[in-house]
Amino acid sequence: MRLAWIDAFSGVSGDMTLGALVDLGFSFEELAALPARLGLEGVTIESREARRGPFRARQVEVRVAGAQPHRHLKHVREILTRGELPEPVAERALAVFTRLAEAEGKVHGEPPEKVHFHEVGAADAIVDIAGACLGFHRLGVEAIYASPLVVGSGTVTAAHGVLPVPAPATALLLEGAPIDLTPLTGERTTPTGAALVVTLARAFAAPPPFRLVAQGLGAGGHDPSDRPNVLRILLGESLGAADRRTVAVVESTLDDASPQVIAHVAARLLEAGARDAFVTPVQMKKGRPGVTVTALCDPEQVDAIADLLFRETPTIGLRIRHEERRELAREEAIVRLAEGEVRLKVVTLPDGTRRARPEYESLAALSRVAGASLEALASRALAAFDEQG
């Protein structure tokens, strides 16, 4: 698996991201043709080498001639559709802009669809976001990880006047993400840069071990003396089949819920998107028997899972923690027996060995129709999988 590590030791912006991707090998010619592809008039892109402290880096700058209209989310959606970008690229770019719209909407007390994007909706931001999504796609990146983001200090001048750093929209975008408050001069993480990283990064954590393929350095527009204004992206190939991600653990211990409620809640947690949900018997204070209801979910699902537990159980408090989860690469396979098809879950071990297990529901359905035992069908399904190689 090809992955990218965003090392934002001096912050991140849209231009810095483009510079790092071009430095990694993303075609500047394709990037330069993007404004015309998106139907953005008067927009050009320049690329040059730059030095920031001891680093040689690539500086990419989007130039806009003349005024650009204020745009709503629907206008951005139309522009991305008009560009006939690869489907994953258009989807990710729109997801970034939607996140921006949500943050701007909270700042101004408006629904996302009614937000005037101002700077972040201008042509340069559209090119930054669509170009970054296209660059990661062209480089074959399947998973993105990121370091904590340095935000800077002081103030920044925006369409709404002088704002503190991080700007209000940036701070909203970074809720839940680790940030670095080292007091570096000026705005180091822009709203566009923050939206890109929080939307595209799988986790703010070190990636699984990988073989380093290349590094790209993107230069920011300013050259402060306190720290080189450079974004570094490392490109690599994962060394093992085990992937690493962060999961949230949400749990509550109950001694005043009926078994029917507990069974109902466990099923509802899975329906709500939990990766797993289980119930553990426990001995509680005063000798009362109880249960611990545990849900594993993606970090962004914590609020929804917590709301469900508060609504569906008598609990008055939850425990929430984040843990590392390692997963084997998995896929689904189908083998055909005389009685019918059997689905198998196939995982790849770190040494490259593949291991298959028949899916219970598939075996049970076939067993009821064919009258064969689960054990016999499972044995024959595995033999058929081995024959297929």
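Asks: So what about the overall build of the protein? Which residues, and what values?
Replies: Within the protein, the regular secondary structure consists of 12 helices and 18 strands. Dimensions of the protein, computed from C-alpha atoms along their principal axes, come out at roughly 75 × 60 × 40 Å. Buried positions account for 46% of the 389 residues belonging to the protein. Considering only contacts within the protein whose residues lie at least 6 apart along the sequence, 70% involve residues at least 24 apart. When the accessible surface of the protein is split by element, carbon and sulfur atoms take 51% of a total near 19000 Å². Between the centroid of the 43 positive side chains of the protein and the centroid of its 51 negative side chains there is a distance of 3 Å.

Asks: Talk me through the confidence of the model for the protein; I want residue IDs and the actual numbers.
Replies: Averaged over all residues, the pLDDT of the protein is 90; the fraction at 70 or higher stands at 97%. Put simply, strand β7 (residues 155-158) is where the protein has its lowest mean pLDDT, 80, and helix α1 (residues 14-24) is where it has its highest, 98.

Asks: Mind laying out the packing of helix α6 (residues 123-138) against helix α8 (residues 191-200), listing which residues take part and the relevant values?
Replies: Contact geometry of α6 with α8 gives a least axis separation of 10 Å together with a crossing angle of 30°. Viewed along their axes, α6 and α8 adopt a mutual orientation that is roughly parallel. Once α6 is placed against α8, the crossing between them reads as right-handed. Contact residues: α6 offers A125, D128, I129, A132, C133 and F136, while α8 offers T192, L196 and L200. Of the residues that constitute the contact of α6 with α8, the class distribution is 7 nonpolar, 1 polar and 1 charged.

Asks: I'd like to hear about the environment of E87, residue by residue, with values.
Replies: Relative to the helices and strands, E87 resides in helix α5 (residues 87-108). Look at E87 and you get exposed, because its relative accessible area is 57%. Measuring from C-alpha to C-alpha, the distance between E87 and V60 comes to 25 Å, with 27 residues separating the pair along the chain.

Asks: How would you explain the pattern of salt bridges if you had to name every residue and give the values?
Replies: In total, this model carries 23 salt bridges according to the counting rule given. For E341, the salt bridge goes to R336, with nearest N and O atoms at 3.1 Å. We classify R336 as exposed; its relative accessible area is 62%. By sharing partners, the salt bridges in this structure join E46, R48, E61 and R63 into a single network.

Asks: Summarise helix α11 (residues 360-370); cite the residues concerned and give the values.
Replies: The complete set of buried residues in α11 reads S362, L363, A364, L366 and S367. Along its buried surface, α11 packs onto β17 (341-348), β18 (354-358) and α12 (374-388). Positive backbone phi, approximately 80°, marks G371, located one or two places after α11.

Asks: Quick rundown of the nonpolar core? Include the residues and the values.
Replies: Counting 61 residues, the largest nonpolar core has F136 and I233 as the members making the most contacts within it. Counting residues per element, this core draws most heavily on α6, which supplies 9 residues. Of all hydrophobic cores here, the second largest spans 16 residues; its members include V250, V265, L308 and L309.

Asks: Quick one: what's the story with the environment of D23, residue by residue and with numbers?
Replies: Take D23: it is sitting in helix α1. Residue classification places D23 among the partly exposed residues on the basis of a relative accessible area of 21%. Distance in space between the C-alpha atoms of D23 and P111 is 38 Å, their sequence separation being 88 residues. What D23 contacts, discounting residues up to four positions off in sequence, is R56, R58, Q215, G216 and L217. Here the side chain of D23 touches R56 through a polar contact of 3.0 Å, side chain to side chain.

Asks: Explain unusual backbone geometry to me, using residue names and the numbers behind them.
Replies: The phi torsion of most residues other than glycine is negative, and most of the peptide bonds are trans. Here the residue pair V165 and P166 is connected by a cis peptide bond, since its omega of 0° sits within 30 degrees of zero. Although it is not a glycine, E84 adopts a positive phi angle of roughly 50°. Mapped onto the fold, E84 is located in the loop between α4 (73-82) and α5. With a phi angle near 65°, K286 is a residue other than glycine that sits in the positive phi range. Tracing the backbone through its elements, the reader meets K286 in the loop between β14 (276-283) and β15 (289-297).

Asks: Account for the side chain of S10, naming residues and giving values.
Replies: Tracing the chain through its elements places S10 in the loop between β1 (2-7) and α1. Residue S10 is classed as buried on the basis of its relative accessible area, which comes to 0%. Side-chain polar atoms of S10 contact the side chain of R188, separated by 2.7 Å. Within the local environment of S10, its side chain forms a polar contact with the backbone oxygen of P228, the two atoms lying 3.0 Å apart.

Asks: Which residues make up the packing of α5 against α8, and what values do they have?
Replies: In contact at an axis separation of 9 Å, α5 and α8 are set at 120° when each is read in the N-to-C sense. What the angle tells us is that α5 and α8 run oblique. The hand of the α5/α8 crossing is right-handed. When α5 is examined against α8, the residues R92, A95, V96, R99 and L100 are found in contact with a partner set consisting of P191, A195, L196, V198, T199 and L200. Looking at the contact of α5 with α8 residue by residue, the class counts come to 8 nonpolar, 1 polar and 2 charged.

Asks: I'd like to hear about α5, residue by residue, with values.
Replies: Relative to the 32 Å expected for 22 residues at 1.5 Å per residue, α5 spans 31 Å between its end C-alpha atoms, a close match to the ideal helical length. Of all the positions in α5, only V89, A90, A93, V96, F97, L100, A101, A103, E104 and G105 are classed as buried. Looking at the buried positions of α5, the neighbouring elements they touch are α4, α6, α7 (168-173) and α8. After α5 finishes, the residue G109 shows a positive phi value of roughly 70°.

Conventions we followed
- Residues numbered from 1 in each chain as written.
- Predicted model: local features only at pLDDT ≥ 70, side-chain atom pairs only at ≥ 80, totals over all residues.
- Heavy atoms only, no water.
- Helix = DSSP H or I, 4+ residues; strand = E, 2+ residues; numbered from the N terminus.
- Buried < 20%, exposed > 50% of the residue type's maximum accessible area, 1.4 Å probe, protein only.
- Contact = heavy atoms within 4.5 Å.
- Areas by Shrake-Rupley, 256 points an atom, 1.4 Å probe, with all protein chains shown as cover.
- Lys, Arg positive; Asp, Glu negative; His and termini not counted.
- Charge placed at Lys NZ, Arg CZ, Asp CG, Glu CD.
- pLDDT = per-residue confidence, 0-100.
- Axes fitted to C-alpha atoms, helices over the stretch in contact; angles between N-to-C directions.
- Parallel < 35°, antiparallel > 145°, perpendicular 65-115°, else oblique.
- Left-handed = near helix turned anticlockwise from the far one by under 90°.
- Nonpolar A, V, L, I, M, F, W, Y, C, P; charged D, E, K, R; others polar.
- Salt bridge = Lys/Arg side-chain N within 4 Å of Asp/Glu carboxyl O.
- Core = buried A, V, L, I, M, F, W, Y, C linked by side-chain atoms within 4.5 Å.
- Polar contact = N/O pair within 3.5 Å; in protein donor to acceptor, adjacent residues only side chain to side chain.
- Expected span 1.5 Å × (residues − 1).

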